[in-house]
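# Working through the structure, step by step
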Amino acid sequence: MKKPAKKSSKKPATKPLASFTGPLVLLGAGKMGQAMLDGWLGRGLKAQKVIALDPNPSKDIKATAKRGVKVNPKAGPRAKADAQAIVVAVKPQMAPDAVPPLGLYVGKSTLVVSIMAGRTIAFLEKALPPGTAIVRAMPNTPAAVGRGISVAVANKQVTTKQRKLASDLLSAIGKVEWVGDEGLIDAVTAVSGSGPAYVFLLVEAMTKAGIAAGLPPELAYRLARETVAGSGELLHQSTLDAATLRKNVTSPGGTTAAALNVLMGPAGFDKLLGEAIAAATKRSQELAG
Ligand SMILES: NC(=O)c1ccc[n+]([C@@H]2O[C@H](COP(=O)([O-])OP(=O)(O)OC[C@H]3O[C@@H](n4cnc5c(N)ncnc54)[C@H](O)[C@@H]3O)[C@@H](O)[C@H]2O)c1
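Given the structure is predicted, the values throughout are model-derived calculations rather than measurements.

What counts, and at which threshold
Residues numbered from 1 in each chain as written. Predicted model: local features only at pLDDT ≥ 70, side-chain atom pairs only at ≥ 80, totals over all residues. Heavy atoms only, no water. Buried < 20%, exposed > 50% of the residue type's maximum accessible area, 1.4 Å probe, protein only. Helix = DSSP H or I, 4+ residues; strand = E, 2+ residues; numbered from the N terminus. Pairing = 2+ DSSP bridges. Right-handed = clockwise from strand over helix to strand, strands pointing away. UniProt positions renumbered as here; feature names shortened; annotations may be inferred. Expected span 1.5 Å × (residues − 1). Arc of directions from axis to C-beta. Near = heavy atom within 4 Å. Polar contact = N/O pair within 3.5 Å; in protein donor to acceptor, adjacent residues only side chain to side chain. Areas by Shrake-Rupley, 256 points an atom, 1.4 Å probe, with all protein chains shown as cover. Nonpolar A, V, L, I, M, F, W, Y, C, P; charged D, E, K, R; others polar.

Another point: the pairing of strand β2 (residues 50-53). Side-chain alternation along β2 places Val50 and Ala52 on one buried face and Ile51 and Leu53 on a second face that is also buried. Sheet analysis places strand β1 (residues 24-27) next to β2, joined by four bridges and oriented parallel. For Leu24, the partnering residue across the bridge sits in β2 and is Val50. Running through helix α1 (residues 31-42), the crossover from β1 to the neighbouring parallel element β2 is right-handed. Inspection of the sheet shows β2 paired to strand β3 (residues 70-71) by two bridges, in the parallel sense. In the strand pairing of β3, Ala52 is matched with Val71. For the segment spanning β2, helix α2 (residues 59-67) and β3, crossover handedness is right-handed.

Structure representation (structure tokens):
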């Protein structure tokens with residue numbers, strides 16, 4: 001088999017957030033909020049510039065307070081501060097209660113970036129002061145290792161400078177794509193937002209199938225996990241596309257061909273993933289508001 005050529009890996013500027021003047025308000029410091037905060041601090045954002053609002057702060061967030069992040073600072077007459085950016089990372093179901101109080105931090109040049117599934121720009125425009133600049137984005141959990149992908153869409157109020165800021169904030173956790181049509185975000189959510197879960201489920205299913213084929217459970221899990229992780233890394237480093245990499249595993253009349261006859265058959269991956277992604281897209285549309 002031909003060795004796949006490695007892609008050239010041009011590194012982006014490493015500290016694009018070092019000059020961020022702040023404040024940056026993070027609403028919701030759970031799995032995604034924490035991953036983003038770690039990414040920002042890694043890209044040079046000064047911890048003192050961050051205000052994290054979360055009624056149930058995790059141990060990790062409390063630890064960032066020791067580095068200077070202001071976690072749930074006391075409200076009061078002097079609490080009003082025009083944020084340079086606000087990132088909304090609460091569950092979409094919390095949004096009607098959690099988003100309107102952010103008005104306290106919105107000034108003329110504030111950019112609001114929401115990563116909530118489903119919640120539309122129209123919902124955010126209604127919940128925030130008139131004229132607020134808003135970016136709706138959909139990242140995914142490989143953000144926690146800087147290998148996520150986010151798709152973003154901006155409202156009319158977002159300036160070129162604010163778009164660059166949104167790109168800097170999102171590229172701290174991986175790749176960034178922009179679209180002009182907000183209607184695409186539901187399908188984006190179904191493919192890349194929820195997508196990591198499908199890949200982890202593949203590991204679970206391969207483990208079960210390996211056990212059913214006679215392997216000891218721990219070995220079955222190690223084989224499934226390393227195969228998915230290694231294949232992901234091969235795909236990442238290779239210049240070859242997924243179909244070619246698949247064909248490189250498949251000898252005519254061999255074992256892989258026997259398995260692919262099932263997986264590429266009428267009840268195989270295409271049908272199942274088609275249905276799964278349609279269900280996730282529909283759910284994203286239902287969460288709108
Ligand atoms: N997890 C994912 O794969 C993923 C991917 C892309 C986008 N998202 C979106 O990111 C958002 C957060 O998801 P998550 O997985 O990090 O959830 P999470 O449950 O880990 O985090 C949500 C956080 O919000 C906090 N919270 C609840 N009410 C609040 C309030 N009123 N004010 C401030 N904070 C409040 C919770 O204490 C929690 O820490 C969701 O809107 C989700 O749709 C998640």
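With numbering aligned to this structure, UniProt lists the feature "domain: Pyrroline-5-carboxylate reductase dimerisation" (unreviewed entry) at residues 182-287. Helix makes up 78% of residues 182-287 and strand 0%. Its end C-alpha atoms lie 14 Å apart.

Here the bond from Gly22 into Pro23 is cis, since omega is -5°, no more than 30 degrees from zero. Looking at the secondary structure, you find Pro23 in the segment before β1. Not every positive phi belongs to a glycine, and Asn72 is a case in point at roughly 45°. By the secondary structure assignment, Asn72 is in the loop between β3 and β4 (85-88).

Let us look at helix α7 (residues 195-212). With 18 residues, α7 should reach 26 Å at 1.5 Å per residue; the first-to-last C-alpha distance of 26 Å fits that figure. Within the sequence span of α7, burial applies to Gly195, Pro196, Val203, Thr207 and Gly210. The buried residues of α7 occupy one face: seen down the axis, they fall within an arc of 145°. Exposed and oriented more than 90 degrees from the buried face of α7 are Lys208 and Ala212. Where α7 terminates, the next one or two residues include Gly214, which has phi positive at roughly 110°.

Near the ligand there are 22 residues, and of these Lys31, Met32, Asp54, Val90 and Ala117 occur at the shortest range. Here Lys31 contributes a backbone N or O atom positioned 2.9 Å from an oxygen atom of the ligand. In the environment of the ligand, an oxygen atom lies 2.8 Å from a nitrogen or oxygen atom belonging to the backbone of Met32. Starting from 830 Å² of accessible surface for the ligand in isolation, the protein chains cover 80%. Its residues assigned to classes, the shell around the ligand shows 15 nonpolar, four polar and three charged.

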